[in-house]
Amino acid sequence: MKISPNTRKKLVFFSFLLIDFFATVDIGATTVAAPKIVEYFGVAKNLTTWVVNTDLIALSVSLIILLVLSGRIKRRDREKYLLIEGLVYFIVGCALCYFANSSELFFFGLAVKGFGKGMLFVGQMWAMTKSFKEKIIIPLVWSEIGFVGGVIFGPIIGGLFSGLYPGSWKLIFLASFFTGLLTLAIFAFFYKQRSEDGFFLDTAHKKLGVIFWSIMACELVISIVSLGLEFMISVYFQNYRSFTPFAVGMILLCSSLGIISGSGWALKRNNVGISSMQRNLIYLSIVTLLIGPVLAIGNNVVLVFLLFGEGFFYGLLSVINYAYLSKIMPSRLVVRGAIIYIFVANFGSAIGVQMETLWQVSKGNFMIVSVTMAILIQIVLFFLVKNQSNRIFDAEETN
């Protein structure tokens, strides 16, 4: 059966969706199942956090190694096989976790799986930038939908699979194993390795410029704001308002729906200029400032709409940030740029979790947290305005 180029392209995009979906589900489900996992192996309870941290640390180590070797990786010009290799590591790690009969083997499996995530994320970004550069917003939206789906279903899957019978948490890794195999089959068969000629504009850039780092700062801050608000709200409603985890999940679902809507809006408008980033950062700043007093007042109805707005502008900015980077990054530095982008986004999420600590230190003052986040957004906005040049504006008009 002959498959049309358009169908082939959509199947590749679907594989991108699956990557972000199972990677996010993996973290969410494992977080929920961590106490059961520690209990199953009979290890100290203080190792509970390492069920999640092992994966995240291995992911960070993978990105650091890839960054050091980025020049050599780029010269090989084999983005397809970098992603496939990452998928293989992920699949093997899931299998080790499923069949593990000791805590040592289990944690080794987590490390292998996390290391593979770094490779497949970089391979995914490289493939998007190289083969779909002219319409990169489309695969980015597919990827964002997969990410949001993982955020929604991760805790649900973790709660369901960890409570069936002793050791049923292993089903989480079995599901990830088969999803990884499916993704590997789709991507390996339908993605065609493409030569670089014609997919990158010739550029005199020899290094990642100031505007690149300004956008990296933007990605860092929006990650801090998004996860920081959601984590703080989760802790507040469960620990101080006696909401059930399911009820909190329904509240935060509004943010997830906002992310999908924002990504779709980015696709519809197809505006990836600096001016668009500035405008949406201003809107995100306003929403962030409003969330503080609304939480203090306790108006849950208004909070739901504001969370949708926060998610909307986060999804919109996430898409246009990398879409713009794909237009200005020199071809020889695209691998390094993708690695830094992924590392910054993950680092921002890690810092965002600490915003709950700021809230605790300020004795539950929501205004301090929201104003701090808004100030961070304004700092990024200042650097974007300061560092943009006529050349950038010309590029926007041309595109």
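Refer to the preceding data block for the structure.
Source: prediction; values computed, not measured.

Q: Provide a residue-level description of the overall build of the protein chain, including the pertinent values.
A: Assigned secondary structure in the protein chain consists of 14 helices and 0 strands. The order of α-helices and β-strands along the protein chain, N terminus first, is α-α-α-α-α-α-α-α-α-α-α-α-α-α. Relative to the compact-globule value of 21 Å for 399 residues, the protein chain shows a C-alpha radius of gyration of 21 Å, a close match. Sequence-distant contacts in the protein chain: of pairs separated by 6 or more residues, those separated by 24 or more amount to 84%. In the form shown here, the protein chain has an accessible surface area of approximately 17,900 Å², with 66% of it arising from carbon and sulfur atoms.

Q: Please give an account of the nonpolar core that cites residues and values.
A: One finds Phe16, Leu281, Leu295, Tyr322 and Leu325 to be the most contacted residues of the largest nonpolar core, which totals 99 residues. When sequence neighbours within four positions are dropped, the list of residues in contact with tyrosine 322 reads Met125, Thr129, Ile136, Leu140, Met329, Ala338 and Tyr341. By size, the runner-up hydrophobic cluster in this structure holds 15 residues, among which are Ala29, Val51, Phe106 and Leu110.

Q: Tell me about the state of the cysteines, and please be specific about residues and values.
A: Using the criterion set out here, one finds 0 disulfides in the structure. Not part of a disulfide, cysteine 94 finds its nearest cysteine sulfur in cysteine 97, a span of 6.5 Å. On the basis of relative accessibility, which here comes to 0%, the residue cysteine 94 falls in the buried class. Taking relative accessible area as the criterion, cysteine 97 reaches 0% and is therefore assigned buried.

Q: Break down the packing of helix H2 (residues 50–68) against helix H12 (residues 334–361) for me, citing the residues and quoting the values.
A: Direction vectors running N to C along H2 and H12 enclose 155°, while the axes themselves pass 9 Å from each other. In terms of their interaxial angle, H2 and H12 are classed as roughly antiparallel. Along this stretch, H2 crosses H12, giving a crossing that reads as left-handed. On H12, the residues that touch Leu59, Ser60, Leu63, Ile64, Leu66 and Leu67 of H2 are Arg336, Ile339, Ile340, Ile342, Phe343 and Asn346.

Q: Account for the packing of aromatic side chains, naming residues and giving values.
A: Enumeration according to the criterion identifies 30 aromatic pairs in this entry. When the ring of tryptophan 169 is compared with that of phenylalanine 173, the centres are 6.0 Å apart and the planes differ by 90°; the resulting orientation is edge-to-face. Summarising the burial analysis for this pair, tryptophan 169 and phenylalanine 173 share the class buried. An angle of 90° between the planes, with centres 5.1 Å apart, marks the rings of phenylalanine 212 and tryptophan 213 as edge-to-face. Put simply, the rings of Phe13, Phe16, Phe132, Trp142, Phe187 and Tyr191 touch in pairs and so form one group of aromatic residues.

Q: Can you explain the environment of glycine 109? Please cite residues and give values.
A: Along the chain, the position of glycine 109 falls in helix H5 (residues 103–131). Residue glycine 109 is classed as buried on the basis of its relative accessible area, which comes to 0%. Residues in contact with glycine 109, not counting those within four places in the same chain, are Gly93, Leu96 and Cys97.

Reading the values: rules and limits
Residues numbered from 1 in each chain as written. Predicted model: local features only at pLDDT ≥ 70, side-chain atom pairs only at ≥ 80, totals over all residues. Heavy atoms only, no water. Helix = DSSP H or I, 4+ residues; strand = E, 2+ residues; numbered from the N terminus. Rg over C-alpha atoms; globule rule 2.2 N^0.38 Å. Contact = heavy atoms within 4.5 Å. Areas by Shrake-Rupley, 256 points an atom, 1.4 Å probe, with all protein chains shown as cover. Core = buried A, V, L, I, M, F, W, Y, C linked by side-chain atoms within 4.5 Å. Buried < 20%, exposed > 50% of the residue type's maximum accessible area, 1.4 Å probe, protein only. Disulfide = S-S within 2.5 Å. Axes fitted to C-alpha atoms, helices over the stretch in contact; angles between N-to-C directions. Parallel < 35°, antiparallel > 145°, perpendicular 65-115°, else oblique. Left-handed = near helix turned anticlockwise from the far one by under 90°. Phe/Tyr/Trp six-rings, centres within 6.5 Å; stacked < 30°, edge-to-face > 60°.

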